[in-house]
Amino acid sequence: MKAQTIYDITMSLMDERKNDGNVDVNSTKDYLARTPGILTILQTEIVMELKRVGAKISSLDEVKKMTTDIDLEDDICFGIIPYGLAARLLAQEDTTLSNYFSSLYDNAFNRYLSEYKQLAKQEDREDVYGSLMRVGG
């Protein structure tokens, strides 16, 4: 998915569309300028976490332009990254909204990660040192 597509979704989340459906390029030029760097950080964070939980995924290239492909699953690009991008774009101007989008990002990402996480298995072990110290037995 292109970085521009993620940006467009994020602008809709942030209510930055005019009545005609277009984004006001004058009021959002700062967002547009900051987006490639933020997307680089977000995709790196996601890849690092996926690797930590055992997913087979390789590191991704830096996002330098809005035409750059984000080589992650569409579920991540549509349902997780826009929340993280919105949170970071709004961090300095609206902390309440930034925190809201940040919590949506964290929740969506944790739900996505849950399919990779392995539950621990309980094993029976022999108490060779008598450490359980059972009373009355």
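Residues numbered from 1 in each chain as written. Predicted model: local features only at pLDDT ≥ 70, side-chain atom pairs only at ≥ 80, totals over all residues. Heavy atoms only, no water.

Counting secondary structure elements, the protein chain contains five helices and zero strands. Along its sequence from the N terminus, the protein chain presents helices and strands in the succession α-α-α-α-α. In terms of C-alpha radius of gyration, the protein chain reaches 21 Å, well past the compact-globule figure of 14 Å for 137 residues. Projected onto the principal axes, the alpha-carbon positions of the protein chain cover approximately 80 × 35 × 20 Å. A sequence separation of at least 24 residues applies to 66% of the contacts in the protein chain between residues at least 6 apart. For the protein chain, the accessible area works out to roughly 9,300 Å², and carbon and sulfur atoms hold 48% of it. Counting 16 positive and 23 negative side-chain charges, the protein chain places the centres of these two groups 3 Å from one another. (Helix = DSSP H or I, 4+ residues; strand = E, 2+ residues; numbered from the N terminus. Rg over C-alpha atoms; globule rule 2.2 N^0.38 Å. Contact = heavy atoms within 4.5 Å. Areas by Shrake-Rupley, 256 points an atom, 1.4 Å probe, with all protein chains shown as cover. Lys, Arg positive; Asp, Glu negative; His and termini not counted. Charge placed at Lys NZ, Arg CZ, Asp CG, Glu CD.)

We now examine the pattern of salt bridges. In the structure shown here, the tally under the stated rule is four salt bridges. Notably, a salt bridge pairs arginine 52 with glutamate 49, separated by 2.5 Å at the nearest N-O pair. In this pair, arginine 52 and glutamate 49 both sit in helix H2 (residues 29–52), three residues apart, roughly one turn of the helix. Arginine 52 sits in the exposed class, given a relative accessible area of 57%. (Salt bridge = Lys/Arg side-chain N within 4 Å of Asp/Glu carboxyl O. Buried < 20%, exposed > 50% of the residue type's maximum accessible area, 1.4 Å probe, protein only.)

Examined against the element boundaries, threonine 40 turns out to sit in helix H2. A residue is classified by how much of its surface remains accessible, and threonine 40, at 17% relative accessible area, is buried. Reaching out from threonine 40, the side chain makes a polar contact with the backbone nitrogen of valine 63 at a distance of 2.8 Å. Sequence-distant contacts of threonine 40, defined by excluding residues within four places in its chain, comprise Glu62 and Val63. (Polar contact = N/O pair within 3.5 Å; in protein donor to acceptor, adjacent residues only side chain to side chain.)

Within the secondary structure layout, threonine 10 lies in helix H1 (residues 3–13). Dropping the residues within four chain positions of it, threonine 10 is found in contact with Pro82, Leu85, Ala86 and Leu89.

Below, the discussion takes up the environment of serine 103. Mapped onto the fold, serine 103 is located in helix H5 (residues 95–113). The spatial distance from the C-alpha of serine 103 to the C-alpha of arginine 17 is 23 Å, given a sequence separation of 86 residues. A distance of 2.8 Å separates a polar atom in the side chain of serine 103 from the backbone oxygen of tyrosine 100.

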